[in-house]
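# Topology and contacts: notes
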Amino acid sequence: MTSNLRKRVTALTAAAVVATVALTGLSGQPASAEPTQHIPNGDFSAGTTGWWSTDNAPLSGAGGQLCADVPGGTANPWDVSLGHNDIPLIDGAAYRLSFRAHASAPATVRANVQLNEAPYTAALSRDVALTTEDQSFEYAFTSTLDSPGGTLTFQLGGRSEGFTFCLDDVSLTSDAAVPPAGPEQLENGDFADGTAGWYSYGTTATGVEDGQLCATVPAGLANPWDAGIGQNNVALKAGSSYTLSFDASATPAAGVRATVQLGADPYTSYFSRDVALTAERQHLEYTFTATEDTAAGQVAFQVGGAAAEYRLCLDNVSLIGGEEEPPYVPDTGPRVRVNQVGYLPAGPKNATLVTEATAALDWQLKTAAGAVAASGRSTPRGVDAASGQNVHTIDFSAYTTAGTGYTLVADGQTSHPFDISGTVYQRLRSDALQFFYIQRSGIAIDGGLVGEQYARPAGHLGVAPNKGDTSVPCRAGSCDYRLDVRGGWYDAGDHGKYVVNGGIAVQQLLSSFERTKTAVTADGGAGLADSTLRVPERGNKVPDILDEARWELEFLMRMQVPAGRPFAGMAHHKIHDANWTGLPMQPEDDPEQRELQPPSTAATLNLAATAAQGARLFAPYDAAFSAKLLTSARTAYAAAKANPAKLAQDLGGGGGSYGDDDVSDEFYWAAAELYLTTGEAAFLTDVTASRHHTGDVFAATGFGWANTAALGRLDLATVPSALPSADRQRVRQSVVTAADGYLATLGAQAYGLPMPGNAGSYFWGGNSNVLNNVQVLATAFDLTDAGKYRDGAVQGVDYILGRNALNQSYVTGWGEKASQNQHTRIYAHEKDAALPHPPAGSLAGGANAGLDDPYAKALLSGCKPMFCYVDDIESYATNEVAINWNSALAWVASFLADQGAGEPVPAASCRVSYSNYGDWADGRGFTAQLAVTNTGSTVVDGWAVRFAFLGGQRVREAWSAEAAQSGATVTARNVAANRRLQPGATVYFGFNATTPGGPNPAPELITLNGAACGR
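Residues numbered from 1 in each chain as written. Predicted model: local features only at pLDDT ≥ 70, side-chain atom pairs only at ≥ 80, totals over all residues. Heavy atoms only, no water.

### With respect to the state of the cysteines
Stated formally: The rule for a disulfide is simple: a pair of cysteine sulfur atoms within 2.5 Å. Going along the chain from the N terminus, every DSSP run of H or I of four or more residues is numbered as a helix, and every run of E of two or more is numbered as a strand. Each residue is assigned to one of three classes by its accessible area relative to the maximum for its type, calculated with a 1.4 Å probe on protein chains only: buried under 20%, partly exposed between the two thresholds, exposed over 50%.
Inspection of every chain in the model, using the stated rule, returns five disulfides. The side chain of C67 participates in a disulfide bridge whose partner is C166; the two sulfur atoms lie 2.2 Å from each other. One quick way to see it: the torsion about the S-S bond of C67 and C166 is about 115°, and its sign makes the bridge right-handed. With a gap of 99 residues between them, C67 in strand β5 (residues 66-70) and C166 in strand β12 (residues 163-174) connect regions that are remote in the sequence. Across the disulfide, C474 is cross-linked to C479 (sulfur-sulfur distance 1.9 Å). Looking down the S-S bond of the C474 and C479 bridge, the torsion is 90°, so its handedness is right-handed. Side by side, C474 and C479 carry an identical accessibility label, which is buried. In the chain, the bonded cysteines, numbered by position in the sequence, are linked as 1-2, 3-4, 5-6, 7-8, 9-10.

### With respect to the packing of aromatic side chains
Heads up, the condition is: Aromatic pairing here means that ring centres of Phe, Tyr or Trp (its six-membered ring) are within 6.5 Å. Orientation follows from the plane angle: under 30 degrees is stacked, over 60 is edge-to-face, and everything else is tilted.
Using the criterion set out here, one finds 40 aromatic pairs in the structure. Centroid distance F781 to F895: 6.0 Å. Interplanar angle 80°. Geometry classified as edge-to-face. Highlighted residues: F781 in helix α11 (residues 766-784) and F895 in helix α15 (residues 883-897), separated in sequence by 114 residues. For F895, a relative accessible area of 1% translates into the label buried.

### Considerations on empty space enclosed by the protein
Heads up, the condition is: The way it works is a 1 Å grid over only the protein atoms, where trapped points that fit a 1.4 Å probe form a cavity and open points with protein on both sides within 12 Å along at least five of seven lines form a pocket, and then any residue with an atom within 4 Å of a point lines it. Grid points are joined across faces, edges and corners, and a volume is the space filled by probe spheres set on the points. When residue character is reported, Ala, Val, Leu, Ile, Met, Phe, Trp, Tyr, Cys and Pro are called nonpolar, Asp, Glu, Lys and Arg charged, and the others, Gly included, polar.
Scanning the model with the defined rule gives five cavities of 30 Å³ or more in all. Size it by volume and the largest cavity reaches roughly 160 Å³. Taken together, 14 residues form the lining of the largest cavity, with S511, R515, D715, T718 and W891 sitting closest to its centre. Listing elements by their share of the lining of the largest cavity, those giving two or more residues are α3 (499-514), α9 (709-718) and α11. The class makeup of the residues in the lining of the largest cavity is four nonpolar, six polar and four charged.

### Re the environment of R311
Following the sequence through the fold, R311 ends up in strand β22 (residues 310-321). Each C-alpha atom, one on R311 and one on A254, is 9.0 Å from the other, the two residues being 57 residues apart in sequence.

### Brief notes about the pattern of salt bridges
Rule in force here: What counts as a salt bridge is simple: a side-chain nitrogen of Lys or Arg found within 4 Å of a carboxyl oxygen of Asp or Glu.
In the structure shown here, the tally under the stated rule is 44 salt bridges. We note a salt bridge from D941 to R979, for which the minimum N-O separation is 2.9 Å. Within this pair, whereas D941 is found in strand β40 (residues 940-941), its partner R979 is found in the loop between β44 (969-973) and β45 (980-981), the two being separated by 38 residues in sequence. Overlapping salt bridges, with partners in common, bring together R100, D134, D168 and D169 in one network.

Fair warning: the whole summary comes from geometry, so function is off the table for now.
What follows is the structure in structure tokens.
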């Protein structure tokens, strides 16, 4: 995840328009003072910008002059005027006014510097005799006035005949800098928050030392702009004065260029100064006037071009001036908050009403045509702690008619529209999983699959300017080898790839598929089959979700330390750029050196766990890849046990730290996956010896990349194994018990989410934790068929899709008001209109009461927890994207898509017995029989029995049934002789199958004509 991010420019140029500036202090010693210029467009190179005139003398800026046609017949000089406002006047300060002017006929005009409000007192007033030839005029005066808003005025009226007046090279300066009034425009200028808000490029060893931002600038850079440090998105207002100040030193002495400019092409300069720095810290201060309005200004220290390498340090960087930003007030839309996507016909349907009323209120459900479909009374809930709002809840679950464009009306407010449909989540599964393909590294993204706006060349394959991931060194000499670590998914808003975040993300994709083997509602995996997703591997007879997971698994194995090297078999914790890059930055344009960070026990166990899980799932499709995964998993697990406390080291650079000082949960998860895949006693011993095996692994605030014991527990509860029956029942019950807790939490929240309402429950990436709690509820439903758990899961998703205090869907493309400006370098439409928004199905991190980025802290200080979010690319702590957040969304979306209308699971009308009669061929084959009994009251006329193996088992031949196999899933159909199955009758059929070895548990789920049978 991105941490301490900010922007970086890919090229800085000395632009054409440079504002006149003033040096007001150097090193605390008297400096030769340059006058402060108060007329930013006196040469009219920017047309008439900043100048005004009376209505009877319209201005033109032709030919680099300002001209006005002056009408005749006016009574007073001031009846025709032009001028420039916002002139600061200081009593006792010396001023100098100069200009060139001429008239189409001889005329006398008046030049005034005066107050711009009654009584309009003048500090200077001169009659100026003009001829038809250009003349230069200059006047010095001492102000006797104090005003921040004086005006320079040329009074042209009072003549009987009209004439044309032309003006050029206007300058009004003062001998004392006028400290501009206004707010601080830079964030974290004292670097108390590390490097947050600042970018760097072309430098090395950049970081905060003793409260200063320091960087090593290499020798040999041709231009000043070939390396830089700065801050983007600085707001500037035309005509406003600004003071740029900073402390700086360079060892050995070097020159740098301090600039304030437009942060995008054409990089218009508003201020530029070359400064000679020495090893002695200096304080420098400059005042200038901005020449245009922009929200994309940039303070840049261009530091390249030195003959020798030097160490630069900056501190107390400040830009004061301009206008205060108005207080941020989020647009929350109608006070009736709903799931803006929709509801399942037979599922729960709840909304939240924000109101001052304390008594119940009437509500109406209206169709798209405006007809009242249902009505009722709200339930007052008082003040919701997480939002600070007085709210009511509305339950319209009794209405079950499918339709589109429904709205809910209450207290004079009409909600955003929504649908009621059994297919409302079908596309969300595909969209949430599409995110991973578009995040792939090392492959060109095919716009024909995902939309041309997302097409791009392969990133980080060593094609200039990329340094590439094909031969990556370690950071700061921490190893003496290079690795090819191409592929995988870009983690989040940056281009880093992190094993611990990739681990949980790929696990949730794998588990989404593995769930289809055991969940009644999953229809045998039809929704995740080959050619169901937009991936380039579609059509290869492998489920597309496994193709996507493989892209990450291949990368994770490449991160393994080679044999013969120190810590062989462990996994490097992460790979990312040596320095932070800015926004936007397409992967193929990233010029930074890529670096491996040292191995860690946590990363190694993530590799062991996911490779072991992948081994059993890929076994039916690619035996060689399955074997490779299992070998990698075993090697990693052994290496982790040999190095059980090698915690993650963050050696700096342009990536998040992902530190984790407790890896006992990763050990439990990895042992669980290895046991489920191999059935070996040694792994079971490690599972049962872990404190997590009997401990509470389901925190109130959910699990995540740093707390992975729940992943092992969920798989032990759902994946078939030889875990002792009592122990397995206890494990399964622990999931149900946790789900009961989340239901209680959900019921206590007026917005209906399975997360407590305190500030500590709203943290970086909290939306994924909400969804992980939803996964526990969904798993409890899969284990029990109890509708209350599915209902709880559905309600939890309501929060993500708009039923929240902000009335905000956190999923791009889903809902009337959806997040679309998430923090990401790739889909940075907010920074560059030529780039797209994040793709549909991208989940934002969500409300974060910690306000862990400067933008959010400045904008949202004092927010109630649920309001601590802003849909802005600057707010990485509330609005980033990340693979482990989207994996949670993908798992839950897949579950929801499988629920259809949300109707209760029908009672079993069959009973099945599965008997394994033992191995043959040295354990490479086995014989099994199924007995299926019709426990219903009607005849079954034609039957199909379906089940799935754990891994690579394969039916060789069958009797009394026609058997076919796709992947691990076997479908056995009747033969002519046993087509009809009478009530109470039993049909028997069997098969011989081959097995690659390892565990061969009985299938968890066996269905008859799609309906689950009792065991």
